[in-house]
Amino acid sequence: MKCSGELSQSHHSCYGVPQGSVLRPLLFALYTMPLSSLISSIGLNHHLYADDTQLFISFQATKFSDNISSLQTCSGSIADWMTSNLLCFNSSKTEFLLLGLKPQLDKIQSPALCLSNGVSVLSSASARNLGFIFDSNLTLADQISSVSRSCFYHIRDLRRIRPVLDFTTAQSIGTSFVHSRLDYCKSLYYGLARDIWRYRNVF
């Protein structure tokens, strides 16, 4: 590292790569690639993105116990693999989300995911995925409320300085801070009930 013309002492690292380095995402993806084969062998769908691992399983409410066992087995196998490969399974960041219609979810009593270290993860009402909030009934009401709050925040700030801005500059700021939030993952809103869009007319 170089600071103010001075170089720090060299350090030999046996494991890992420096945070923020260009090769870090690629090397980490290559290092954790065996996880995909491990999860597939258990029969679960999954998605790997950077250091996030998402497991998906579809089941009927009456077969919750059997399917949650598969999920717990898979999470235990992942934890074992990570331990043996000098990685850490962070149970405090593990989220468990059940998706379905309310009558279906009401049939499942006290849903929870028990991890291999004894930690029990209760079902969340909503979870964030790449900045988009999914709720358990897929109404996306939490996401729309979050976007509305964020847009209103920036609109209020823009309104304070609007008198000193020309139209082109104000338009650029509005597009950057407001329209970008409205456009993000907008295809996921397709087919939502009309009453969910009560916020839309505000903009």
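The structure under discussion appears in the preceding block.
Cut-offs applied
Residues numbered from 1 in each chain as written. Predicted model: local features only at pLDDT ≥ 70, side-chain atom pairs only at ≥ 80, totals over all residues. Heavy atoms only, no water. Salt bridge = Lys/Arg side-chain N within 4 Å of Asp/Glu carboxyl O. Buried < 20%, exposed > 50% of the residue type's maximum accessible area, 1.4 Å probe, protein only. 1 Å grid on protein atoms, 1.4 Å probe; cavity = no way out; pocket = protein on both sides within 12 Å on 5 of 7 lines; lining within 4 Å. Points joined across faces, edges and corners; volume = space filled by probe spheres on them. Helix = DSSP H or I, 4+ residues; strand = E, 2+ residues; numbered from the N terminus. Nonpolar A, V, L, I, M, F, W, Y, C, P; charged D, E, K, R; others polar. Disulfide = S-S within 2.5 Å.

J.: Describe the pattern of salt bridges, naming the residues involved and giving the relevant values.
T.: In the structure shown here, the tally under the stated rule is 3 salt bridges. The shortest N-O distance in the salt bridge between D183 and K186 comes to 3.8 Å. Given a relative accessible area of 44%, D183 falls into the partly exposed group. Relative accessible area serves as the criterion here: at 52%, K186 is assigned to the exposed category.

J.: An account of the layout of surface pockets is requested, with residue identities and associated values reported.
T.: Of the voids in this model, the largest pocket is the one considered here, and its volume is about 1,800 Å³. Lining the largest pocket are 49 residues, with D52, T53, Q54, L55 and E95 sitting closest to its centre. If you list the elements that add at least two residues to the lining of the largest pocket, you get α1 (24-31), β3 (45-49), β4 (52-56), α3 (64-84), β5 (96-97), α4 (102-105) and β8 (126-129). In terms of residue count, α3 provides more of the lining of the largest pocket than any other element does, 6 residues in total. A class-by-class count of the residues in the lining of the largest pocket yields 29 nonpolar, 14 polar and 6 charged.

J.: Give me the state of the cysteines: which residues, what numbers.
T.: Tallied over the entire structure, the rule returns 0 disulfides. The structure places no disulfide on C151, whose sulfur is separated from the nearest cysteine sulfur, that of C185, by 14 Å. Using a relative accessible area of 0% as the deciding quantity, one classes C151 as buried. A relative accessible area of 29% places C185 in the partly exposed class.

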